[in-house]
Structures are given as C-alpha cells and as structure tokens.
Amino acid sequence: MKKLTQAALRAKAKKIKRLLLDVDGVLTDGRIMLDNQGNELKAFHVRDGHGIKLAQRAGIIIGIITGRKAEVVNVRARELGIEEVHQGALDKIVVYEAVLRKYGLRDAEAAFVGDDIVDVGILKRVGLAVAVADCDAAVKPFADMVTRAEGGRGAVREVINLLLASRNKAPAP
C-alpha cells in the first residue's frame, strides 16, 4: 500500500467525481453461487447499497466495471440507480478510459475499488485507488487505501464514508 497521510488521502478523496466498482470480491464476497438451473446468485451488503445512495445524493456518480456477466448485477444496479454498468469487461482499462472520455473526466477525478490483479491497470491510473481488505496480496502495493472491511461486507461503504467526509457531508469512519 502507498504510504499516505490521512490528510493526503482526504485531499485525493475530495477530488473524486466518479466512483467505479468491481463486483465480485468488492460489492460481493467473491463467492459465486449457482442454483440447480445454473442461475448465478450473489449477496450484496445493505450498507454498501445505502452508501451508494448517499454518495449519489452528494453528487458522486457510481459505475460498475466487472469482468463477469450476471443478470443479478443488472438487477442490483437498477435498484440502486447505477446507470453506468459494464459487464464482461475483459480489458477493464479500455472500459475505464471510455468512461472518462464519456464524462470528460481526468484520472484524478475517478476512484476505483478492486480486489484482484485484473484491477491493477485501473488502480495505477485513478486519483484514488482502493483495495478491499481481503484482496489478492499483489494488489495492495497499488492502493492508496486498503479498507478494513472485506469485499461484500461493507468495504464500499467505508470508501464512500471517506468520500463524503472529504466533502464535510458525513463524519469520517
């Protein structure tokens, strides 16, 4: 993990306009459950969802970039009002660059939360790079922040609390 003071971390967080999230291992605990019909099931933490709504109310736009495809991700995104959803992103950096262009953003204005080596390309670029507590060890050196919470267990809410606190919208966790 990069060594940043709390003040430096908050300064980076204050610049963020768009928070991009991986799904498996970030919004979920990374397990993939299949029912007898082959339907994929995922568990999402309610506090992450509430945090996403708080972030949106504060003007932070949320997006998803994930390598897998699952209808349940679309369902959850619709519930939360997340319009920017990119599934099946085999080259996540290409999708990330397209999102920046679409919204006229700079790297410094984007944050990304990831958990595995496929996320490192984006983590190297964003203004605020976040890894979840139970991420692959190879990811941590690229993170400005490693959450205390594991993926699917409130890690996204932890990041959102930092973003909101940097804007004086909520107390720091």
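Up top you'll find the structure we're talking about.
Colleague: For helix α6 (residues 155–166), give the residues involved together with the corresponding values.
Modeller: For α6, spanning 12 residues, the distance from its first C-alpha to its last is 17 Å, which sits close to the expected 16 Å at 1.5 Å a residue. With respect to burial, α6 is a largely interior element, 12 of its 12 residues being buried. Within α6, burial applies to Ala155, Val156, Arg157, Glu158, Val159, Ile160, Asn161, Leu162, Leu163, Leu164, Ala165 and Ser166. Packing partners of the buried residues in α6 comprise α1 (6–14), β1 (18–21), α2 (46–57), β6 (110–114), β7 (128–131) and β8 (145–146).

Colleague: Now, about the sheet that holds β8: what can you tell me, with residues and values included?
Modeller: Here we have six strands laid out as an open sheet, ordered β5-β4-β1-β6-β7-β8, and parallel in their pairing. Two strands bound the open sheet, and with one partner strand each, they are β5 (84–86) and β8. In this sheet, β5 lies alongside strand β4 (residues 61–65) in parallel orientation, the contact comprising three bridges. Bridge pairing in β5 places isoleucine 64 opposite valine 85. α6 contacts β1, β6, β7 and β8 of the sheet and is inclined by roughly 170 degrees relative to β1.

Colleague: Kindly report on the pairing of β7, identifying the contributing residues and their values.
Modeller: Side chains of β7 alternate between two faces, with Leu128 and Val130 and Ala129 and Ala131 buried alike. With four bridges joining them, β6 and β7 adopt parallel strand pairing. Its bridge partner being in β7, alanine 111 is matched across the sheet by leucine 128. Pairing of β7 with β8 involves two bridges; the strand directions are parallel. Residue pairing across strands places alanine 131 opposite valine 146, the latter belonging to β8.

Colleague: An account of the nonpolar core is needed here, citing residue identities and associated values.
Modeller: Leu19, Ile52 and Leu128 are the most contacted members of the largest nonpolar core, which totals 51 residues. Counting residues per element, this core draws most heavily on α6, at seven residues. Setting aside residues no more than four positions away along its own chain, leucine 19 makes contact with Ile60, Ile61, Ile62, Gly63, Ala111, Val113, Val159, Ile160 and Leu163.

Colleague: Got a sec to walk through the environment of arginine 68? Specific residues and values, please.
Modeller: Note that arginine 68 resides in the loop between β4 and α3 (71–80). Look at arginine 68 and you get partly exposed, because its relative accessible area is 34%. Sequence separation between arginine 68 and isoleucine 52 is 16 residues, and the spatial gap between their C-alpha atoms is 21 Å. In this structure, arginine 68 is in contact with Asp24, Ile32, Glu40, Lys42, Gln87 and Gly88, ignoring residues within four places of it in sequence.

Colleague: How would you summarise the side chain of aspartate 144 if you had to cite specific residues and measurements?
Modeller: Note on placement: aspartate 144 falls in the loop between β7 and β8. Only 3.5 Å separates the side chain of aspartate 144 from the side chain of lysine 12, close enough to count as a polar contact. The contacts of aspartate 144, once residues within four sequence positions are left out, are Met1, Lys2, Leu4, Leu9, Lys12, Gly127, Leu128 and Ala129.

Colleague: I'd like to hear about the pattern of salt bridges, residue by residue, with values.
Modeller: Throughout the structure, instances matching the rule amount to 15 salt bridges. With a closest N to O distance of 3.0 Å, lysine 102 and glutamate 84 form a salt bridge. Of the two residues, lysine 102 sits in helix α4 (residues 92–103) while glutamate 84 sits in strand β5, which places them 18 residues apart along the sequence. Judged by its relative accessible area of 56%, lysine 102 falls in the exposed class. For arginine 106, the salt bridge goes to glutamate 109, with nearest N and O atoms at 3.4 Å. On the basis of relative accessibility, which here comes to 8%, the residue glutamate 109 falls in the buried class. Sharing partners across several salt bridges, the network here consists of Asp24, Glu40, Lys42 and Arg68.

Calculation rules
- Residues numbered from 1 in each chain as written.
- Predicted model: local features only at pLDDT ≥ 70, side-chain atom pairs only at ≥ 80, totals over all residues.
- Heavy atoms only, no water.
- Helix = DSSP H or I, 4+ residues; strand = E, 2+ residues; numbered from the N terminus.
- Expected span 1.5 Å × (residues − 1).
- Buried < 20%, exposed > 50% of the residue type's maximum accessible area, 1.4 Å probe, protein only.
- Contact = heavy atoms within 4.5 Å.
- Pairing = 2+ DSSP bridges.
- Axes fitted to C-alpha atoms, helices over the stretch in contact; angles between N-to-C directions.
- Core = buried A, V, L, I, M, F, W, Y, C linked by side-chain atoms within 4.5 Å.
- Polar contact = N/O pair within 3.5 Å; in protein donor to acceptor, adjacent residues only side chain to side chain.
- Salt bridge = Lys/Arg side-chain N within 4 Å of Asp/Glu carboxyl O.

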